[in-house]
Amino acid sequence: MKIGIFDSGIGGLTVLERLLKEGFSQSYIYLCDNKNSPFGNKKIEEIKDLVSKGVKTLISKGVDLVVLACNTASVTCLSEVKTKFSIPVFGITPPLSEGEKPRAIFSTSATAKAIEKKAVDWDIIPLSFLASLLDFDFSSREIFSYLDKNLPKENYKTVVLGCTHFPFAKSIFKDKYPQAKILDGGDILIQNLSLFFDKIRGNPLVEIEFIFTGEDKTEYSFSALKFLLEGQ
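Conventions adopted
- Residues numbered from 1 in each chain as written.
- Predicted model: local features only at pLDDT ≥ 70, side-chain atom pairs only at ≥ 80, totals over all residues.
- Heavy atoms only, no water.
- Axes fitted to C-alpha atoms, helices over the stretch in contact; angles between N-to-C directions.
- Helix = DSSP H or I, 4+ residues; strand = E, 2+ residues; numbered from the N terminus.
- Parallel < 35°, antiparallel > 145°, perpendicular 65-115°, else oblique.
- Left-handed = near helix turned anticlockwise from the far one by under 90°.
- Contact = heavy atoms within 4.5 Å.
- Pairing = 2+ DSSP bridges.
- Phe/Tyr/Trp six-rings, centres within 6.5 Å; stacked < 30°, edge-to-face > 60°.
- Buried < 20%, exposed > 50% of the residue type's maximum accessible area, 1.4 Å probe, protein only.

Chemist: Looking at this structure, I do not really get the packing of helix H2 (residues 44-60) against helix H3 (residues 71-84). What am I missing?
Modeler: Each packed pair of helices is defined by two parameters, the angle between the axes and the distance between the axes. In the contact formed by H2 and H3, the axes pass within 9 Å of each other and the chain directions differ by 55 degrees. In terms of orientation, H2 lies oblique with respect to H3. Our pair here, H2 against H3, has a crossing hand that is right-handed. Contact with H2, carried on its side by Ile44, Ile47, Lys48, Val51, Ser52 and Val55, involves Thr72, Ala73, Thr76, Cys77, Glu80, Val81 and Lys84 of H3 and no other residues of that element.

Chemist: So what exactly am I meant to see when it comes to the sheet that holds strand S7 (residues 158-161) here?
Modeler: Whether parallel or antiparallel, the strands of a sheet pair through hydrogen bonds between backbone atoms. The sheet built from 4 strands is open, its strands ordered S6-S5-S7-S8 with parallel pairing. The open sheet has two edge strands, strand S6 (123-126) and strand S8 (181-183), and neither has a second partner. The average undirected angle you get between the axes of adjacent strands in this sheet is 20 degrees. The sheet contact formed by strand S5 (residues 103-107) and S6 spans 4 bridges and is parallel. The partner of Ser107 across the bridge, within S6, is Pro126.

Chemist: Mind showing me how you'd approach the packing of aromatic side chains here?
Modeler: Aromatic rings considered in pairs are described by the distance between their centres and by the relative angle of their planes. Tallying each qualifying case throughout the model produces 12 aromatic pairs. Taking the centre distance of 5.3 Å and the plane angle of 55 degrees together, the rings of Tyr30 and Phe210 count as tilted. Separated by 180 residues along the polypeptide, Tyr30 in strand S2 (residues 27-32) and Phe210 in strand S9 (residues 207-212) bring together distant segments of the chain. Like Tyr30, the residue Phe210 is buried in the burial classification.

Structure, rendered in structure tokens:
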């Protein structure tokens, strides 16, 4: 089976990492719309247009299903995309029904706006520039400085990383909120995919092809994926 993964940057690699570790050893095409990144600061109609174009591109490459590995794309247009295309489309969204209070969701600005009416009893904290910083250099000291200035000093019991880029900085969130359970939408996505097709166990061949709408960042993407798979 050929799986298409769509994101604006390296965030979708955190989803790919989960799929590989859970046993979904398949053929992957990763479409990175880095020409138009970041999505999180764009208007909803523009995001919808970019996502539709991305899914069309992946379908033209022969994928059997598409994963919108981007919370912003998923919360703004997953339902619409599912009805628009004939192949299955999955998404990843913040798990709003989980976790003890006090609890917080960290996300892009677009995701924050899209979920604000549904996220009852959550602190919704947009981190508008974090995804861009991670796309540029996921190991940069600027990320530590940015989060040190923008993470509130609260004793959260639950922290949701509502952007697929943010797990690259998971260690920083853990240090800031040592008592918190840190979640994302990955578990729900894995459950949904598990219902769709059987996992391939063992050591089958995994093929990964990267496509970029902007600058080719294949080497950087493989480096970032290795960072995740090694548990850094």
